[in-house]
Structure formats: C-alpha cells, structure tokens
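Observations on the model geometry
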Amino acid sequence: MQEFDLLIIGGGSGTQVGSLAAERDMSVAVCEPGPLGGACITRGCVPSKALIRRADTIRRARDAERLGIDVDVDDVDLDAITSEVRETVYEKAEHQAESLRESENHTLFDARARFVDERTVEIEGHDERVRGERVVVAVGAKPTTPPIDGLDEVDFLTSTDALYLDERPDELAILGGGYIGAELGHFYETIGSEVTIVQRGDSLVPREDGEVREAVTESFADRDRCTLHLNREATAVEERGDRIAMYAEDAGDGDEEVEIEADELLVATGRKPATDDLDPEAGGIALDDAGFVEVDDSLETTAEGVWALGDVIGEPLFKHAADHEAQVVAANAVADRGEEIEYEGLAHAVFTWPQVAACGRTEEELEEAGQEYERARFAYDAAPMGLVSKEEGFVKVLAAPDGSVLGCHIVGPEASTLIHEVAVAGRVGEGSVEEIAEAIHVHPALNEVVLGAFDELVDPLLSTAPDWSDVSME
C-alpha cells in the first residue's frame, strides 16, 4: 500500500490544499480521472463565461443604435468560438497536470478513487491501494437527470455538451430556468437560435430576490427568439426523426399540455454530488438525504482526519465558495489551526442579460423570518453614467433598523463587479449602510448606482449622491 501525508480526491479547488502541503514538504497524492481544475475550468464557469462574453458583445453591438451608432452583426462562427475556448481551457488544465507531475512532493493518479476503508482508497486501474494520513474529498457535482418518460432513450445536451457545439441549433429547447438555463439560453438566443425554456416555477432564476426574478423573466419574454413556458413540468420526451419533442403540462393541475419540438434539448435541472463511484460510507463518511457529504464547521467529515469542500458538500455551489472552503481546509488539514467556515458576505452572480449579482438575504427570506428591515432601490439611469450610457437596471439594498446590511441585489451591466463594493467593503451581516454610503465614489462611474441606493437609507447632513432621475436621454 502506498501511503501519503495528504490524499486529495478530486482535481478542482482541493488541489490548492495539496499545494500548501507540498510547500511544507508533505507527500501529496491527487486522484482525478478527468482534466484538472474541476468543473469550473473545462466544464463550467470559464468556458460558459467565454461564450457569454461574446453574446454580450453582440448585444452591445445591436443596442448601439440607442447611442446613435449603427453596427451590423452579420454572422457568428460558433465552431471557431467553441474551438478556441476549448483549446484555451484544456491547455490550462494540462498545465496544472504538468505542474503536479513535475512536483517532487506530488503524485498524480489519472483515475477514479473508491473508499475501501478508513482513509484508504482503491485507484481504478491500479493494483495497489492508497492511504492518506489526512484526506480531502473534493469530487464536485455533476448535472442531474430528472425522471422524465423517454429521456434516457434520446440524445440530449447537458450543460457541458452545450459549451462545445460546433453548429448552432436552429431551435433549442431548454428544460430548467435556473442559472445554467438562463445563461445558456441568453447565449444561444443571442447568436440566433430559437430558444424555448420550460420552467416549473413562475419565473426564471427562482432563487433570486423577487424583483430580480421579475426583471430577468420579463427581459427573456421580450426577446425576439425566446418563448417561455412557466409553471410547466416536462412529462415525456421522444425522438421525432432527427429532432426531439418534449411534452409539458401545467405544474398545478396537469391540464393544458404543450408540445415543444426542437433540434436539440438541453437539460439544465440542477446538479447532484459526484459520489456515485466514491463509496464514501466505506470510509466512514456520512451523506445527507440529498447525497451531499456532511461536514462540521471546520469542514471535517464524520470520518476523523477527512475533510471535504466544494460542490460535494452542497450549497453554496460556487467556485469562489469552494476556494474559500479550501482555505479553511488547508488551515485545518495542513496547519492544524482549527478554523471554522464563515460565508458572511459571500456574493454570487448570474451572467445572463441582464446580468445579476447578489449577496445576503432576499426580501422574501427576511419577511419569512419576521426580520424588520428597510429597503431602497436606485435605478441605473438615475446615476449620470447609467443615464448617458442608456443602461437599464437597479440596485436594491435591504438593511436592518440599526443600519446593518442584510442584503444587496443588482440587476444590470457590471453587476458582478459592483456587488463587491458591498461584499468586501460592507461585509453583509457585519458592515453598515453608512460605511458604504460615506465612501468616496468615483464620478461619473456606475458605482454611483450603488452609492445612490445606500445613500437613500442614511441621513447625512449633506447628501452629495448624484440623482439624475429628473432628466432623460430619450
């Protein structure tokens, strides 16, 4: 049996824990059958945002007429785009693999690992077992497949498949209106596909604040090549020649079945932990009812000396959350510091059009919890840069009566960047509205949209936050 100081199962954020261990002259084994970097690098965040960046550029070009500029977008070479993206992200993954192979303190196993005993695994294709004095489980998550009649008999796209198509489907049906469905729906509709989205709930991006959901759903409904079927549940799928037909009924009473026919079907109904082949129970690792690995505040599992991080432990399913968790696991599994995880101030973004970003709680969550709060909403075009750029969107702030920030929600351009003023400077749950409102903001820049919203909840002797809501550039 090969023995290591640290055994890492998964090639994503968990490998960062191994880097610290290797720097401290610990022996590290990494088990990863696929490309290194986790889902983010080759199957998620990075390639999807590379596509969406191009869609955003097209939208900007088409919207330029609002600014008196005539721009034509004649064609989109999808094969060239996806080939370039694929080459870039897989080159990054290979560089990471090379780095591990060249490291004196790393051993890379390009195969799956399965627990057979406490901190001991079998490596697929290897005769010898591997044991770690300490273990990090970071195998991530993978797309779910809902139990729909006929789905297992047809060829459908997962979120991974949809990133690397070489031809644009003329018609694309998307099952699921969450983050993935909204982002990829935005991309394909923008490059010319007729997109139909079937969503069980009454809005897209259902986990967002109510006003955010409404804004995104209305935006998609207004698109030229997008059809929404809300409050619908898919009941059956079948092949129809070289096309796919999907049937969906009213999610309430089962009446009014609709039929959607398309060239391709993208199933984007969520993700589940990738523990199918891991056999965690054999290693003393408990799972919750949904199959996610259970961890305590230090991110240690029910097995002593075994920690877990990333999507395999459940919400929040974000790469930046996994990186934050890796810092805590490294502090405990490598440095024995006994640190605990804190998610206060964790922000997230949805890279659709309009872009969405948020941190803290939604208004609905506060109402359900009986939390007293104040709210302010400031439109993009009430700030000078938003007005002259003819941008649409808003910043919504939720604060406790004592001025502490409870939540912030942004819809509009650069939302994913603007939210960090709150996530970093305000620290949701710790900072105050005044701390953000009193910061000196660059003028004129979109950050004044954030200033405007927070300024409405304070009572300064003199407010200098710009408000251009009394003029228009129509």
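Values in this document were obtained by computation on a predicted structure and should not be read as measured data.

Take the overall build of the chain next. In terms of helices and strands, the chain carries 13 helices and 21 strands. Scored against the burial criterion, the 474 residues of the chain give a buried share of 52%. Sequence-distant contacts in the chain: of pairs separated by 6 or more residues, those separated by 24 or more amount to 62%. Computing the positive centroid from 38 side-chain charges and the negative centroid from 107, the chain places the two 3 Å apart.

To continue, consider the pattern of salt bridges. This structure, assessed with the given rule, holds 33 salt bridges. When the shortest N-O distance is used, the salt bridge between Arg54 and Glu84 registers 3.3 Å. Residue Arg54 is found in helix H3 (residues 45–63), and its partner Glu84 is found in helix H4 (residues 78–102); the two are separated by 30 residues along the sequence. Look at Glu84 and you get partly exposed, because its relative accessible area is 44%. With its nearest N and O atoms 2.8 Å apart, the salt bridge here joins Asp263 to Arg243. Here Asp263 is found in the loop between strand E13 (258–262) and strand E14 (264–267), whereas its partner Arg243 is found in strand E12 (residues 243–250), with 20 residues between them in sequence. In this structure, a network of salt bridges that share partners links the residues Glu171, Glu238, Arg240, Arg243, Glu259, Glu261 and Asp263.

Another point: the layout of surface pockets. Within this model, the second largest pocket holds a volume of roughly 960 Å³. Considering the residues around the second largest pocket, the lining is formed by 37 residues, among which Arg59, Asp63, Trp353, Pro354 and Pro413 are closest to the centre. Looking at the lining of the second largest pocket, the elements with two or more residues in it are H3, helix H5 (179–190), helix H6 (210–221) and strand E19 (374–379). Residue composition of the lining of the second largest pocket, by class: 11 nonpolar, eight polar and 18 charged.

What follows covers a negative patch on the surface. The grouping of Glu65, Asp70, Asp72, Asp74, Asp75, Asp77, Asp79, Asp166 and Glu167 at the surface amounts to a negative patch. With respect to the helices, strands and loops of the structure, Asp70 is situated in the loop between H3 and H4. In this structure Asp70 comes out as exposed when scored by relative accessible area, which is 70%.

Before going further, it helps to examine the sheet that holds strand E18 (residues 356–360). On the basis of which strands lie adjacent, the open sheet formed by five strands has the order E17-E18-E21-E20-E19 and antiparallel pairing. Each edge of the open sheet is held by one strand with a lone partner, namely strand E17 (347–350) and E19. Across the sheet, the mean angle separating the axes of adjacent strands is 10 degrees when strand polarity is ignored. Both E18 and strand E21 (residues 405–411) contribute to a ladder of five bridges, which runs antiparallel. Among the inter-strand pairings, Val356 is bridged to a residue of E21, identified as Val411. Those strands touched by H6 are E18, E19, strand E20 (394–399) and E21, and its axis lies near 165 degrees from that of E20.

In this structure, Leu6 and Val17 are the most contacted members of the largest nonpolar core, which totals 46 residues. The element best represented in this core is helix H7 (residues 319–334), accounting for six residues. With near-sequence residues (within four places) excluded, Val17 lies in contact with Leu6, Ile8, Val136, Leu309, Ala326, Val329, Ala330 and Val334.

Let us look at the pairing of strand E1 (residues 2–9). Sheet topology note: the E1/strand E6 (residues 129–137) ladder contains seven bridges and is parallel. The partner of Ile8 across the bridge, within E6, is Val136. With four bridges joining them, E1 and strand E2 (residues 28–31) adopt parallel strand pairing. Across the sheet, the residue bridging to Leu6 is Val28, located in E2. For the crossover that starts at E1, traverses helix H1 (residues 14–23) and ends in the parallel E2, the hand is right-handed.

Within the open sheet, the four strands sit side by side as E10-E9-E8-E14. Their pairing is parallel. Strands with a single pairing partner mark the edges of an open sheet, and in this sheet they are strand E10 (226–230) and E14. Direction aside, neighbouring strands of the sheet carry axes that sit 15 degrees apart on average. Bridging between strand E9 (residues 194–199) and E10 involves five bridges; their strand directions are parallel. Looking at the pairing, Thr196 lines up with Thr227 of E10. Against the sheet, H6 touches E9 and E10, its axis set at about 130 degrees to E10.

Before going further, it helps to examine empty space enclosed by the protein. Enumeration over the complete set of coordinates arrives at one cavity of 30 Å³ or more. Quantified by volume, the largest cavity comes out at close to 40 Å³. Counted by class, the lining of the largest cavity contains four nonpolar, three polar and one charged residues.

For the coordinates displayed, the defined rule picks out four aromatic pairs. Where Tyr90 meets Tyr164, the ring centres are 6.4 Å apart and the plane angle is 55 degrees; that geometry is what we call tilted. In this pair, Tyr90 is assigned in helix H4 and Tyr164 in the loop between strand E7 (141–143) and strand E8 (171–175), connecting sequence segments 74 residues apart. With relative accessibility at 36%, the residue Tyr90 sits in the partly exposed group. Residue Tyr164 is classed as buried on the basis of its relative accessible area, which comes to 13%. Measuring from ring centre to ring centre gives 6.5 Å for Tyr179 and Phe318, while their planes differ by 25 degrees; the resulting arrangement is stacked. Remark: Phe318 occurs in the loop between strand E16 (306–308) and H7 and Tyr179 occurs in helix H5; sequence separation between them is 139 residues. Residue class for Tyr179 comes out partly exposed when judged on its relative accessible area of 23%. The ring of Phe220 carries the charged tip of Arg223 above its face, separated from the ring centre by 4.5 Å. It is Arg377 that lies over the ring of Phe394; its NZ or CZ is 3.7 Å from the centre.

The rules behind the values
Residues numbered from 1 in each chain as written. Predicted model: local features only at pLDDT ≥ 70, side-chain atom pairs only at ≥ 80, totals over all residues. Heavy atoms only, no water. Helix = DSSP H or I, 4+ residues; strand = E, 2+ residues; numbered from the N terminus. Buried < 20%, exposed > 50% of the residue type's maximum accessible area, 1.4 Å probe, protein only. Contact = heavy atoms within 4.5 Å. Lys, Arg positive; Asp, Glu negative; His and termini not counted. Charge placed at Lys NZ, Arg CZ, Asp CG, Glu CD. Salt bridge = Lys/Arg side-chain N within 4 Å of Asp/Glu carboxyl O. 1 Å grid on protein atoms, 1.4 Å probe; cavity = no way out; pocket = protein on both sides within 12 Å on 5 of 7 lines; lining within 4 Å. Points joined across faces, edges and corners; volume = space filled by probe spheres on them. Nonpolar A, V, L, I, M, F, W, Y, C, P; charged D, E, K, R; others polar. Patch = residues over 30% accessible without salt bridge, like charges linked within 9 Å, V, L, I, M, F, W, Y side chains within 5 Å. Areas by Shrake-Rupley, 256 points an atom, 1.4 Å probe, with all protein chains shown as cover. Pairing = 2+ DSSP bridges. Axes fitted to C-alpha atoms, helices over the stretch in contact; angles between N-to-C directions. Core = buried A, V, L, I, M, F, W, Y, C linked by side-chain atoms within 4.5 Å. Right-handed = clockwise from strand over helix to strand, strands pointing away. Phe/Tyr/Trp six-rings, centres within 6.5 Å; stacked < 30°, edge-to-face > 60°. Lys NZ or Arg CZ within 6 Å of the ring centre and 35° of its normal.

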